[in-house]
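Observations on chain architecture
What follows is the residue order along each chain.
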Amino acid sequence: MQEALLEAEAAARLGEVPIGAVIVTDGRIISRAHNLRETLQDPVAHAEMIAIRQAAEDLGSWRLLDSTLYVTLEPCTMCMGAVILARIPHLVFGCRDPRAGAVGSIYDFSVDERFNHRVEVTEGILVGECSELLTGFFRRLREQKKRFKEQIR
């Protein structure tokens, strides 16, 4: 999770929402990514999606069996769909996302028996660090917007 936090910090430096993801297979990191939605102007450039694509390329297979995805924020519906489709067996995340989380916050894709793949979930790893990175980012963003509005008055 420390490596995912480093990716989240890289996203923040770019002005992106600070979310980072790392995929580990056989004890080695095979992919790492951070959000790039603003940079690429791509609505699907979530950290998890980028990491999954890179991992599939590294392994030469879309089936990411025996892999663990570490991500700083609870994945959204799109990302959980990709986790399930990639057959990732284990997901580890830091903090919950009450507005878009699909691992229990809004819906829980990991336990829906209608899917052909189950995902074992571990949550709350480095939750304080993951939460603070996000809340600090949005606090600074709100302050910047407030200062901007004051300047144009």
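Residues numbered from 1 in each chain as written. Predicted model: local features only at pLDDT ≥ 70, side-chain atom pairs only at ≥ 80, totals over all residues. Heavy atoms only, no water.

Once that is clear, we can look at the packing of helix H1 (residues 2-13) against helix H5 (residues 127-151). Two numbers describe a pair of packed helices, the interaxial angle and the distance between the axes. Relative orientation of the contacting elements H1 and H5 amounts to 5 degrees, with a least axis distance of 11 Å. Judged on the interaxial angle alone, H5 and H1 are roughly parallel. Where H1 approaches H5, its residues Leu5, Ala8, Glu9 and Ala12 are matched on the opposing element by Glu129, Cys130, Leu133 and Phe137. Per-class residue counts for the contact of H1 with H5 are six nonpolar, no polar and two charged. (Axes fitted to C-alpha atoms, helices over the stretch in contact; angles between N-to-C directions. Helix = DSSP H or I, 4+ residues; strand = E, 2+ residues; numbered from the N terminus. Parallel < 35°, antiparallel > 145°, perpendicular 65-115°, else oblique. Contact = heavy atoms within 4.5 Å. Nonpolar A, V, L, I, M, F, W, Y, C, P; charged D, E, K, R; others polar.)

The residue Leu36 is located in the loop between strand S2 (28-34) and helix H2 (37-40) in this model. A sequence separation of 25 residues divides Leu36 from Ala11, and the C-alpha atoms of the two residues are 7.1 Å apart. The contacts of Leu36, once residues within four sequence positions are left out, are Leu14, Glu16, Gln41, Ala45 and Ile50.

A word on the side chain of Glu74. With respect to the helices and strands, the residue Glu74 is situated in the loop between strand S3 (67-73) and helix H4 (77-85). There is a polar contact of 2.8 Å between the side chain of Glu74 and the backbone nitrogen of Asp97. Looking at Glu74, its side chain comes within polar contact range of the main-chain nitrogen of Gly104, at 3.3 Å. With residues up to four places along the chain from it excluded, the contact list for Glu74 reads Phe93, Cys95, Arg96, Asp97, Gly101, Ala102, Val103, Gly104 and Ser105. (Polar contact = N/O pair within 3.5 Å; in protein donor to acceptor, adjacent residues only side chain to side chain.)

Before going further, it helps to examine the environment of Leu5. Position of Leu5 relative to the elements: it lies in helix H1. Judged by relative accessible area, which is 7%, Leu5 ranks as buried. Residues Leu5 and Leu134, 129 residues apart in the sequence, show an inter-C-alpha distance of 11 Å. Ignoring any residue separated from it by four or fewer positions in sequence, one finds Leu5 in contact with Thr72, Leu126, Glu129, Cys130 and Leu133. (Buried < 20%, exposed > 50% of the residue type's maximum accessible area, 1.4 Å probe, protein only.)

What follows covers the sheet that holds S2. Taken in spatial order, the five strands of this open sheet run S2-S1-S3-S4-S5, and their pairing is mixed. The sheet is open, and its two borders are formed by S2 and strand S5 (120-123), each paired with just one other strand. If you compare each strand with its neighbour and ignore which way they point, the axes differ by 15 degrees on average. Helix H3 (residues 47-59) rests against strand S1 (20-25), S2 and S3 of the sheet, and its axis sits at about 145 degrees to S2. Contacts from H5 reach S3 and strand S4 (90-95), with the element oriented near 60 degrees to S4. (Pairing = 2+ DSSP bridges.)

So, about the packing of aromatic side chains. Going through the model one piece at a time under the given rule, you end up with three aromatic pairs. Geometrically, the ring pair formed by Phe109 and Phe115 is stacked, given 5.3 Å between the ring centres and 25 degrees between the ring planes. Judged by its relative accessible area of 15%, Phe109 is buried. On the basis of an interplanar angle of 80 degrees and a centroid distance of 5.2 Å, the ring pair of Phe137 and Phe138 is categorised as edge-to-face. (Phe/Tyr/Trp six-rings, centres within 6.5 Å; stacked < 30°, edge-to-face > 60°.)

Opposite charge on two side chains permits pairing when their charged atoms draw close. Taken as a whole, this structure holds seven salt bridges when the rule is applied. When the shortest N-O distance is used, the salt bridge between Arg32 and Glu7 registers 3.6 Å. Note that Arg32 is positioned in strand S2 and Glu7 in helix H1, a separation of 25 residues in sequence. The salt bridge involving Arg96 is made with Glu123; its shortest N-O contact spans 2.7 Å. With Arg96 in the loop between S4 and S5 and Glu123 in strand S5, this pair connects stretches of sequence that are 27 residues apart. (Salt bridge = Lys/Arg side-chain N within 4 Å of Asp/Glu carboxyl O.)

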